[in-house]
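Okay, here's what each chain looks like letter by letter:
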Amino acid sequence: LAKHPEIKALMKPDYNLIWVVVLMVLAQLTAFYLVKDLDWKWVVFWAYVFGSCISHSMTLAIHEISHNSAFGNCKAMWNRWFGIFANLPLGLPYSVSFKRYHMDHHRYLGGDGIDVDIPTNFEGWFFCTRFRKFIWIVLQPFFYAIRPLCINPKPITRLEVINLLAQLSFDVVIYYLWGVKSIFYMLAGSVLGLGLHPISGHFIAEHYMFLKGHETYSYYGPLNLLTFNVGYHNEHHDFPNIPGKSLPLVKKIAAEYYDNLPQYNSWIKVLYDFVMDDTISPYSRMKRQLKGEVKQD
């Protein structure tokens, strides 16, 4: 910032995010209606080909919203309510809890017992062969869901209860209107999209140490168009209050800081390399013993 103070001008909400999220919710509602009378094989097909992409993209929209990118920091609660709305087509309550844990990830990156993005010791010990690492990738949604309960459980908040009740009410309405196939499409799309899927390469690309000494990596490939530029991950951790839309400008403005860092151009290759490289496993993360006062949401 001292060298490039113009970056401060990018620290503002991205109001286009609001309309993109609304359109994504409407797209999924349309899909719920269209799949209700399809054969099961086509429900599964569209859940993976279309629903999974929208669902994973929506989780990254929720990531943006967790940083108050939709309405700005001055309207923090507007962002929380909007996150609950964005959560609806995923089928499972996620938004409010994600925000609480994700802020810890930014404040205490790699913090032992705090950052739940770090795999558990069991994951590192058990998923150590190529086949087991493949299964671990398939089961990523499961581990991301239970890991906070194992590593850093937090008291349930009122807003999390509201998130849960809103989600259950939405699911019941979808089931009542369009039946079990629409519910299956919704839930399967979320699980498949966060598991063995090209977009899921970002989970591993962001912080797994394929090169010793480099803890965070950026990805500059085309899937950023579907993921609100989450691939610009060094840029995001440097400036978490800049919306994803503006992160390419950060890289352009401060190119001397980012161009020479290790980077990726394919999340699919990241997944392949993670499975096939016997020196990489869920243990391949930087873990820190935190000192001093720890403040959590």
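Parameters and conventions
- Residues numbered from 1 in each chain as written.
- Predicted model: local features only at pLDDT ≥ 70, side-chain atom pairs only at ≥ 80, totals over all residues.
- Heavy atoms only, no water.
- Helix = DSSP H or I, 4+ residues; strand = E, 2+ residues; numbered from the N terminus.
- Buried < 20%, exposed > 50% of the residue type's maximum accessible area, 1.4 Å probe, protein only.
- Core = buried A, V, L, I, M, F, W, Y, C linked by side-chain atoms within 4.5 Å.
- Contact = heavy atoms within 4.5 Å.
- Polar contact = N/O pair within 3.5 Å; in protein donor to acceptor, adjacent residues only side chain to side chain.
- Arc of directions from axis to C-beta.
- Salt bridge = Lys/Arg side-chain N within 4 Å of Asp/Glu carboxyl O.
- UniProt positions renumbered as here; feature names shortened; annotations may be inferred.
- Axes fitted to C-alpha atoms, helices over the stretch in contact; angles between N-to-C directions.
- Parallel < 35°, antiparallel > 145°, perpendicular 65-115°, else oblique.
- Nonpolar A, V, L, I, M, F, W, Y, C, P; charged D, E, K, R; others polar.

Caption draft 1: The arrangement of the environment of Thr157 in detail. Tracing the chain through its elements places Thr157 in the loop between helix 7 (140-151) and helix 8 (158-178). A relative accessible area of 26% means that Thr157 is categorised as partly exposed. Separated by 82 residues in the primary sequence, Thr157 and Phe239 place their C-alpha atoms 28 Å from one another.

Caption draft 2: Local environment of the nonpolar core. Grouped together as the largest cluster of nonpolar side chains are 36 residues, with contacts concentrated most on Val21, Met58, Trp136, Ile204 and Phe274. If sequence neighbours within four positions are ignored, Trp136 has contacts with Pro119, Glu123, Phe127, Phe143, Arg147, Ile204, Tyr208, Phe274 and Pro282. Phe32, Val43, Ala47 and Phe170 belong to the second-largest nonpolar core, a separate cluster that totals twelve residues.

Caption draft 3: Broad picture of the side chain of His105. Here His105 lies in helix 4 (residues 95-107). Among the polar contacts made by the side chain of His105, one reaches the side chain of His237 at a distance of 3.4 Å. Apart from residues lying up to four places away in sequence, His105 is in contact with Asp115, Asp117, His207, His237 and Arg285.

Caption draft 4: Spatial organisation of the environment of His236. If you trace the backbone, His236 turns up in helix 11 (residues 233-238). The spatial distance from the C-alpha of His236 to the C-alpha of Cys53 is 22 Å, given a sequence separation of 183 residues. For His236, the side chain forms a polar contact with the side chain of His63, separated by 3.1 Å. Of note is the side chain of His236, whose polar atom sits 3.0 Å from the side chain of His106.

Caption draft 5: Main features of helix 6 (residues 130-138). Residues Lys133, Trp136 and Ile137 constitute the buried set of helix 6. In an axial view of helix 6, the angular spread of the buried residues amounts to 100°, which keeps them on one side of the axis.

Caption draft 6: Focus on the pattern of salt bridges. Under the counting rule described, the total for this entry stands at 13 salt bridges. Note that Lys154 and Asp104 form a salt bridge whose closest N and O atoms lie 2.6 Å from each other. Within this pair, whereas Lys154 is found in the loop between helix 7 and helix 8, its partner Asp104 is found in helix 4, the two being separated by 50 residues in sequence. A relative accessible area of 0% means that Asp104 is categorised as buried. The network of salt bridges with common partners includes Asp104, Arg107 and Lys154.

Caption draft 7: Up close: the UniProt feature "domain: Fatty acid desaturase" (unreviewed entry) in the chain. The sites that carry the UniProt feature "domain: Fatty acid desaturase" (unreviewed entry) are, in the present numbering, residues 41-263. Secondary structure across residues 41-263 comprises 61% helix and 1% strand; the distance between its end C-alpha atoms is 38 Å.

Caption draft 8: A look at the packing of helix 3 (residues 76-87) against helix 4. Packing of helix 3 against helix 4 brings their axes to within 8 Å, and their N-to-C directions diverge by 125°. The orientation of helix 3 relative to helix 4 falls into the category oblique. Along its contact with helix 3, which presents Arg80, Gly83, Ile84 and Asn87, the element helix 4 presents Ser95, Val96 and Lys99. Residues that form the contact of helix 3 with helix 4 fall into these classes: two nonpolar, three polar and two charged.

Caption draft 9: Here's a closer look at the UniProt feature "transmembrane region" (unreviewed entry) in the chain. The sites that UniProt annotates as "transmembrane region" (unreviewed entry) are residues 17-35, 42-61 and 81-98. Taken end to end, residues 42-61 comprises 100% helix and 0% strand; its first and last C-alpha atoms sit 27 Å apart. The straight-line gap between the two end C-alpha atoms of residues 81-98 is 13 Å; of that span, 61% is helix and 0% is strand.

Caption draft 10: Up close: the side chain of His4. Of note, His4 is situated in the segment before helix 1 (16-35). For His4, a relative accessible area of 11% translates into the label buried. If sequence neighbours within four positions are ignored, His4 has contacts with Ile253, Ala254, Glu256 and Tyr257.

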